[in-house]
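Coordinate analysis (summary)
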Amino acid sequence: MTSRLAQWTLDVIDSRKMALFWSRALGYEIEHDGGSPHLLPPPDAPPGSPTVWLQETGEPKAGKNRNHPDLHVPDGEVDDEVERLIGLGATPVDVGQKGDEGFVVLADPEGNEFCLLYRRHPQQAG
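Predicted model, so just to flag it, every value in this text is computed and none were measured.

**What to know about the overall build of the chain**
The helix and strand tally for the chain stands at two helices and eight strands. Start at the N end of the chain and walk to the C end: the helices and strands fall as β-α-β-β-β-β-α-β-β-β. Taken over the C-alpha trace, the chain has a radius of gyration of 15 Å; the compact-globule value for 126 residues is 14 Å, and the two agree within 12%. Viewed in the frame of its principal axes, the chain has a C-alpha envelope of about 45 × 35 × 30 Å. Here the chain holds 126 residues, and 32% of them are scored as buried. In the chain, 52% of the contacts between residues at least 6 apart in sequence involve partners at least 24 apart. Computed over 11 positive and 21 negative side-chain charges, the inter-centroid distance for the chain is 5 Å.

**Observations concerning the sheet that holds strand β4 (residues 51–56)**
The strand order β1-β4-β3-β2 describes an open sheet built from four strands, whose pairing is mixed. Here the strands that pair on one side only, and so sit at the sheet edges, are β1 (7–12) and β2 (29–31). In this sheet, adjacent strand axes meet at a mean angle of 25° when their direction is disregarded. For strand β3 (residues 38–40) and β4, the ladder comprises two bridges, and the chain directions are antiparallel. Counted as the bridge partner of Leu-39 is Val-52 from β4. Together, β1, β2, β3 and β4 form the strand contacts of helix α1 (residues 15–26), whose direction differs from that of β4 by roughly 165°.

**Looking at the pairing of strand β8 (residues 113–117)**
Among the five residues of β8, five are classified as buried, and the element is accordingly described as predominantly covered. The pairing of strand β5 (residues 70–72) with β8 spans three bridges and is parallel. Paired with Leu-71 across the bridge in β8 is Leu-116. With five bridges joining them, strand β7 (residues 103–107) and β8 adopt antiparallel strand pairing. In the sheet register, Phe-103 faces β8, and the bridge partner there is Leu-117. Connecting the antiparallel pair β7 and β8 is a turn made up of five residues, with Gly-111 showing a positive phi of about 90°.

Thresholds applied
- Residues numbered from 1 in each chain as written.
- Predicted model: local features only at pLDDT ≥ 70, side-chain atom pairs only at ≥ 80, totals over all residues.
- Heavy atoms only, no water.
- Helix = DSSP H or I, 4+ residues; strand = E, 2+ residues; numbered from the N terminus.
- Rg over C-alpha atoms; globule rule 2.2 N^0.38 Å.
- Buried < 20%, exposed > 50% of the residue type's maximum accessible area, 1.4 Å probe, protein only.
- Contact = heavy atoms within 4.5 Å.
- Lys, Arg positive; Asp, Glu negative; His and termini not counted.
- Charge placed at Lys NZ, Arg CZ, Asp CG, Glu CD.
- Pairing = 2+ DSSP bridges.
- Axes fitted to C-alpha atoms, helices over the stretch in contact; angles between N-to-C directions.

Such coordinate-based values are descriptive only and should not be taken to indicate function.
Structure follows, in structure tokens:
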């Protein structure tokens, strides 16, 4: 048996603002249990889809993230999705990409980088 990715945890300053952004970006539902928001996959998500926990911190982000989520658009309309995410509060980020990487780098409203992939690994088809 091996471990599986179950949850992506992100340190944030404004958990409500970030819950709204990430829930809209991912189509996830916000669950408030009295503490930090937990984002749950929609009912039609594949079994085992990871959840998102937004852990509040008093420290602002410093430097480039050492890890980040890579998102994909099932129907392949990446340019439209980039515009949608920018409309939700994301911003384009230059981390040294040359333009032929197969992904677009964006940052959420608190500056946390994430990528939107133009193509996925064949084992991730779906």
